[in-house]
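So the chains spell out like this:
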Amino acid sequence: QVDNLLRMLEGPYLKQKLIELQEKYPDIIKDVRGIGLMLGTELSIPAGEIVSEALDNGLVLISAGTNIIRFVPPLIIEKEHIDTAVSILDKIFASK
């Protein structure tokens, strides 16, 4: 049960990591919003392009509309998974 309680902290960790990406790529990531693990990033470029490249790199994401990437990871996600996902996104955004 303690592990489950500690995992509740992963939502803020994911949001902070996405905000750090936004600070690094302000011309691409316009906004990060959401609650807990249900988060979204509003982009200045088409989300489909990023979602497709993420999938090619082993990261499954979904878009919401034309310019929003929706993050709804499993509740059992751990920080190392978040770090891997953010690293993949960092690589993709750096190529834009």
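Residues numbered from 1 in each chain as written. Predicted model: local features only at pLDDT ≥ 70, side-chain atom pairs only at ≥ 80, totals over all residues. Heavy atoms only, no water.

Formed by 26 residues in total, the largest nonpolar core has its most connected members in Leu 89 and Phe 93. Contributing elements (two or more residues each) for this core: helix H2 (10–24), strand S1 (29–35), strand S2 (38–43), helix H3 (47–56), strand S4 (68–71) and helix H4 (79–94). Once residues within four sequence positions are removed from consideration, Leu 89 is found in contact with Leu 18, Leu 21, Ile 50, Leu 59, Leu 61 and Phe 71. (Core = buried A, V, L, I, M, F, W, Y, C linked by side-chain atoms within 4.5 Å. Buried < 20%, exposed > 50% of the residue type's maximum accessible area, 1.4 Å probe, protein only. Helix = DSSP H or I, 4+ residues; strand = E, 2+ residues; numbered from the N terminus. Contact = heavy atoms within 4.5 Å.)

Moving on to the pattern of salt bridges. Tallied over the entire structure, the rule returns 7 salt bridges. One salt bridge in this structure joins Arg 33 and Glu 42, with 3.1 Å as the shortest N-O distance. Lys 96 serves as the salt-bridge partner of Glu 49, at 2.9 Å between the closest nitrogen and oxygen. Placement of the pair is Glu 49 in helix H3 and Lys 96 in the segment after H4, with a sequence separation of 47 residues. Relative accessible area serves as the criterion here: at 40%, Lys 96 is assigned to the partly exposed category. (Salt bridge = Lys/Arg side-chain N within 4 Å of Asp/Glu carboxyl O.)

Another point: the packing of aromatic side chains. In the structure shown here, the tally under the stated rule is 1 aromatic pair. Between the aromatic rings of Tyr 25 and Phe 93, the centroid separation amounts to 5.8 Å while the plane-to-plane angle is 50°, which identifies the pairing as tilted. Of this pair, Tyr 25 sits in the loop between H2 and S1 while Phe 93 sits in helix H4; the two residues are 68 residues apart in sequence, bridging distant segments of the chain. The same class applies to Tyr 25 and to Phe 93, which are both buried. One Lys or Arg, Lys 79, reaches over the ring of Tyr 13 and ends 4.9 Å from the middle of that ring. (Phe/Tyr/Trp six-rings, centres within 6.5 Å; stacked < 30°, edge-to-face > 60°. Lys NZ or Arg CZ within 6 Å of the ring centre and 35° of its normal.)

What follows covers the packing of H2 against H4. Two numbers describe how H2 lies on H4: the axes approach to 10 Å, and their chain directions differ by 15°. In this view, H2 runs roughly parallel relative to H4, as classed from their interaxial angle. Once H2 is placed against H4, the crossing between them reads as right-handed. Judged by residue contacts, Glu 10, Tyr 13, Leu 14, Lys 17, Leu 18, Leu 21 and Lys 24 of H2 engage Lys 79, Ile 82, Asp 83, Val 86, Leu 89, Asp 90 and Phe 93 from H4. Considering only residue class, the contact of H2 with H4 consists of 8 nonpolar, no polar and 6 charged. (Axes fitted to C-alpha atoms, helices over the stretch in contact; angles between N-to-C directions. Parallel < 35°, antiparallel > 145°, perpendicular 65-115°, else oblique. Left-handed = near helix turned anticlockwise from the far one by under 90°. Nonpolar A, V, L, I, M, F, W, Y, C, P; charged D, E, K, R; others polar.)

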